[in-house]
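So the chains spell out like this:
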Amino acid sequence: MTSTTTGLPDRYRPLDRIGPDEPTPTGAIQCWRAKDRVLNRDVAIRVHTPAGPAAHAWITRALTAGGLATPALAMVYDASEGIGSGPGGDMVPGGAAYVVNEWIDGETLAERLTRGPLPDREVRTVLRRLAEGVAEAHRVGLAVGGLTPENVVLRPNGLVGLRAVPAATGTIDGDIAALGALLEACLTGLDPARPGARRLTGPSDLVALVRRARSSEPGQGLSSVAAMAALLAERSRPGPMSAAARAEETDSGWLRRLRDRRPDQADHAVDAAPRHADAEPVRLDPQTLPPVPPVRPGTDPAVAPGAVGGDTIAAGSVAPAAGAYAGSAFAGPADRDDEDFAVLEAGNADDGPFAGDEEEDGARRHRLVVIGLPLLALLVVVGLAWWFGKGVISVAGEVDETPGSTPSASAPAGGSAEPGTVEPGAAVAIAGGDVFDPQGDGDPDNPGSVELAFDGDPATAWSTYEYRGSPAFGNLKDGVGLLLDLGSAQELGAVTVTSPSAGATFEIRTAESAGEAVAAYDVAASGELQGETQLAFDEPVTARYVLVWLTGLVPSEGGFAAEIAEVSVQAAG
């Protein structure tokens, strides 16, 4: 029987309506919280009007979602097009097309955002878990849809869940963009569907991820939701942990293990089970019999050879009926000529050929341990000594090596130039400068403070943004730098960089005309920042533009960054 109110089976008793109607290409979907009278649990039921063929596409998507097993997506318990027991499979009068989902308790993301943005660590955890669930749906060809703050639920145990799975319609690109909108909402605390300008602030890698997820420019967007989940999986710096962050510690990669499971593992276990032949045993050919481990003889002459050891039988008495080792029928002990592989006849154990074997094996193993362990330790010590000596010699050789035509090593400012390099001359005036960020997302690193890098005051500095996860700019790009304009082409011999970011790596690149790619600038020198660092060129370089290109950052308070306090360009002496 069906309910006269909703057209649902009597098994489900609607409790209350949830949310607004969801329009579809062929009708509309209403969502109810209901009670499953059979299993005595709350469920979420979505009803499509009209039923029948109009709901076929939606029900097909729901059946695909029914095979998923991830806590980030509400499980599908039941689905029906509204076609049932009528004659010829006709639609039951008053029946409904419906999908029954798991009911997820907790606070919705929309309710949580009314109290303001989420902490950075919780943002990463919530969006990563949600992205992993959506990626699992994409793996089976299902676009989830419905990724809005009203449908995302923060479970009490710290996990995250998405109600209304699947939505009436959806695309994979739409899911990527919707996840980017959710990430923006978590960072700003504002509903992405609400019109109006908003300032996007937060960690630079998350801000860049929002722009990439929502970008429609070719080559600028994310390739998949799985890539987004991988970028979010990079752990942030230690800090106060929310319930979602604490639950992250117990994840242990369950989703990856679930995905890597293969049904043929069970088949291997079945194949490994012992099998018994129905044919009678036959005598083996001693020329083809494989080696059989020897078995100690019994001490009671009355014990039959087949009963030695309880279930141990003579090795020569059993063989497969067919195959490589098949032979003639067993002829009895008197006819055996393969005694080496048979169970020994009963008698005095001390007179047999295996007497004392156990004691000899034990003594042999003891001798091997006593002799082998010291030899192994000696080999390890020799290997470590060789490796350490090779490393010291290699480093010494690199220090003594004469520079070639490629970049010279860094040297403290104020000293004389190294042999084979240009003698620096007078300082060259810098006409202007700008941030050079060809692989960025359109938001260059602190462009307003570029002039502090050549204002003559080492107490002021230009700094990169802080990047998380890796000193290689969070694995987002190859580098960032300052492009200095000298006003006209001049003959240069050295560049001096003053920086408090000791250990950061950089290159000095030059060009006579400005270019948009880093390859447009030739490398003149490279080194590592150490307070005040002067890089002298191997030969004079004629250039108008000097690019101080940072290639590696150093740890900072919130991640990885580098500062440049002062840049001085010297003419060739």
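Scroll up to find the structure this text is about.
Residues numbered from 1 in each chain as written. Predicted model: local features only at pLDDT ≥ 70, side-chain atom pairs only at ≥ 80, totals over all residues. Heavy atoms only, no water.

### Looking at the environment of Asp 120
Its location among the elements puts Asp 120 in helix H3 (residues 120-139). Sequence-distant contacts of Asp 120, defined by excluding residues within four places in its chain, comprise Pro 203 and Arg 468. (Helix = DSSP H or I, 4+ residues; strand = E, 2+ residues; numbered from the N terminus. Contact = heavy atoms within 4.5 Å.)

### Topic: the layout of surface pockets
In this structure, the largest pocket spans a volume of roughly 590 Å³. Looking at the lining of the largest pocket residue by residue, the classes come out as six nonpolar, eight polar and eight charged. Of the voids in this model, the second largest pocket is the one considered here, and its volume is about 490 Å³. Along the wall of the second largest pocket there are 22 residues; nearest its centre are Gly 19, Pro 20, Glu 22, Asn 151 and Ala 164. Residue assignment for the lining of the second largest pocket shows that the elements contributing at least two residues are strand E2 (22-24), strand E3 (27-36) and strand E4 (41-49). A per-class count over the lining of the second largest pocket returns 10 nonpolar, six polar and six charged. (1 Å grid on protein atoms, 1.4 Å probe; cavity = no way out; pocket = protein on both sides within 12 Å on 5 of 7 lines; lining within 4 Å. Points joined across faces, edges and corners; volume = space filled by probe spheres on them. Nonpolar A, V, L, I, M, F, W, Y, C, P; charged D, E, K, R; others polar.)

### Some words on the packing of H3 against helix H6 (residues 225-232)
Close contact between H3 and H6 brings their axes to 8 Å; oriented N to C, the two are set at 155°. The orientation of H3 with respect to H6, classified from their angle, is roughly antiparallel. Taken as a pair, H3 and H6 cross one another with a handedness that is left-handed. Along the contact surface, H3 presents Arg 124, Leu 127, Arg 128, Ala 131, Glu 132, Val 134, Ala 135 and His 138, while H6 presents Val 225, Ala 226, Ala 229 and Leu 232. When the residues that make up the contact of H3 with H6 are grouped by side-chain class, the tally is eight nonpolar, one polar and three charged. (Axes fitted to C-alpha atoms, helices over the stretch in contact; angles between N-to-C directions. Parallel < 35°, antiparallel > 145°, perpendicular 65-115°, else oblique. Left-handed = near helix turned anticlockwise from the far one by under 90°.)

### Comments concerning the packing of aromatic side chains
Within the structure shown, the criterion is met by four aromatic pairs. Ring plane angle 70° and centroid distance 5.9 Å describe the contact between Phe 436 and Trp 549, whose orientation is recorded as edge-to-face. Placement of Phe 436 in strand E12 (residues 432-436) and of Trp 549 in strand E17 (residues 531-552) is noted, with a sequence separation of 113 residues between them. Of the two residues examined, Phe 436 and Trp 549, each falls in the buried class. With a centroid separation of 5.4 Å and 75° between ring planes, the pair formed by Tyr 467 and Phe 473 is classed as edge-to-face. Of the residues examined, Phe 473 reaches a relative accessible area of 0% and is grouped as buried. Ring pairs connect the aromatic residues Phe 436, Tyr 521 and Trp 549, which therefore count as one cluster. Positioned above the aromatic ring of Trp 32, the side-chain terminus of Arg 17 is 5.6 Å from the ring centre. The ring centre of Trp 103 lies 4.4 Å from the NZ or CZ of Arg 163, which sits over that ring. (Phe/Tyr/Trp six-rings, centres within 6.5 Å; stacked < 30°, edge-to-face > 60°. Buried < 20%, exposed > 50% of the residue type's maximum accessible area, 1.4 Å probe, protein only. Lys NZ or Arg CZ within 6 Å of the ring centre and 35° of its normal.)

### Here we look at the nonpolar core
Judged by nonpolar contacts, the single largest core of 52 residues is most densely connected at Leu 127, Leu 147, Leu 162, Leu 179, Leu 182 and Leu 183. Those residues within four positions of Leu 182 in sequence are excluded, and the remaining contacts are Leu 109, Leu 127, Leu 130, Leu 147, Thr 148, Pro 149 and Val 152. Core analysis: the next-biggest nonpolar cluster, separate from the first, contains 36 residues, Val 480, Leu 486, Leu 553 and Phe 560 among them. (Core = buried A, V, L, I, M, F, W, Y, C linked by side-chain atoms within 4.5 Å.)

### Some points on the pattern of salt bridges
As enumerated under the stated definition, the model contains 15 salt bridges in all. The partner of Arg 33 in a salt bridge is Asp 42, and the shortest N-O contact between them spans 2.7 Å. The residue Arg 155 makes a salt bridge to Glu 102 at a minimum N-O spacing of 3.4 Å. Placement of Arg 155 in the loop between strand E8 (152-154) and strand E9 (160-162) and of Glu 102 in strand E6 (residues 97-102) is noted, with a sequence separation of 53 residues between them. Residue Arg 155 is classed as buried on the basis of its relative accessible area of 16%. Several salt bridges share partner residues, and in doing so they unite Arg 33, Lys 35 and Asp 42 into one network. (Salt bridge = Lys/Arg side-chain N within 4 Å of Asp/Glu carboxyl O.)

Keep in mind these numbers describe shape, not what the thing actually does.
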